[in-house]
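# Topology and contacts: notes
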Amino acid sequence: MRVALYQINSDRDTFNTKFMSWRWRTDHDYIILSEEYDKVFDGAVDCQTLEDVYQMFNLNHPEGYKDRSLSVSDVVEVMEDPMHPHCFYFCDS
């Protein structure tokens, strides 16, 4: 599968939401601002599920990947098939 990973850039984290859960965001009426995120990975991975992606980016980083492990507040974009829309998933606790 092909995925892209997005992580909040601390320098642009206006409301200090890095590592905050979805529940915290909704409880505080905070929306996700795309301009606070950086794309830290974009490529094909040998994964079948989102859990596989999580394991890869926590235990077995792909060669050349230099960013931190996948964590709460990160976003995973899954691009399975060009004929279908991209799906975005918010990493939560």
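Scroll up to find the structure.
The structure displayed is predicted, hence computed values, not measured ones.

### Here's the deal with the sheet that holds strand 4 (residues 87-90)
Within a sheet, neighbouring strands are paired by backbone hydrogen bonds and run either parallel or antiparallel to one another. Spatial ordering of the open sheet is given by 2-1-3-4, a layout of four strands whose pairing is antiparallel. Taken across any chain shown, the strands that pair with only one partner, and hence form the sheet edges, are strand 2 (37-44) and strand 4. Averaged over all adjacent pairs, the angle separating strand axes in this sheet is 20 degrees, with direction ignored. In this structure, strand 3 (residues 75-79) lies alongside strand 4, joined through four bridges in antiparallel fashion. Following the sheet pairing, Val-75 is matched in strand 4 by Phe-90.

### Comments concerning the packing of aromatic side chains
All told, the structure shown has five aromatic pairs when counted by the stated rule. Both rings, one in Tyr-6 and one in Phe-88, keep their centres 6.5 Å apart while their planes meet at 40 degrees; by these two values the pair is tilted. Residue Tyr-6 is located in strand 1 (residues 2-8), and its partner Phe-88 is located in strand 4; the two are separated by 82 residues in the primary sequence. By relative accessible area, which is 16% here, Tyr-6 ends up buried. On the basis of relative accessible area, Phe-88 is assigned to the exposed category, the value being 52%. Measuring from ring centre to ring centre gives 5.0 Å for Phe-41 and Phe-57, while their planes differ by 65 degrees; the resulting arrangement is edge-to-face. Linking Phe-41 in strand 2 with Phe-57 in helix 2 (residues 50-59), this pair joins segments that are 16 residues apart in sequence. Chaining the aromatic ring pairs together yields one cluster made of Phe-41, Phe-57 and Tyr-65.

### A closer look at the side chain of Ser-21
Positionally, Ser-21 belongs in the loop between strand 1 and helix 1 (22-27). Residues contacting Ser-21, with those up to four places away along its chain left out, are Val-72, Phe-90, Asp-92 and Ser-93.

### Considerations on the state of the cysteines
By definition, a disulfide links the sulfur atoms of two cysteine residues through a covalent bond. Scanning the entire structure with this criterion turns up zero disulfides. The structure places no disulfide on Cys-47, whose sulfur is separated from the nearest cysteine sulfur, that of Cys-91, by 13 Å. Using a relative accessible area of 4% as the deciding quantity, one classes Cys-47 as buried. Here Cys-87 is not disulfide-linked; the sulfur of Cys-91 is the nearest cysteine sulfur, at 14 Å.

What counts, and at which threshold
Residues numbered from 1 in each chain as written. Predicted model: local features only at pLDDT ≥ 70, side-chain atom pairs only at ≥ 80, totals over all residues. Heavy atoms only, no water. Pairing = 2+ DSSP bridges. Helix = DSSP H or I, 4+ residues; strand = E, 2+ residues; numbered from the N terminus. Axes fitted to C-alpha atoms, helices over the stretch in contact; angles between N-to-C directions. Phe/Tyr/Trp six-rings, centres within 6.5 Å; stacked < 30°, edge-to-face > 60°. Buried < 20%, exposed > 50% of the residue type's maximum accessible area, 1.4 Å probe, protein only. Contact = heavy atoms within 4.5 Å. Disulfide = S-S within 2.5 Å.

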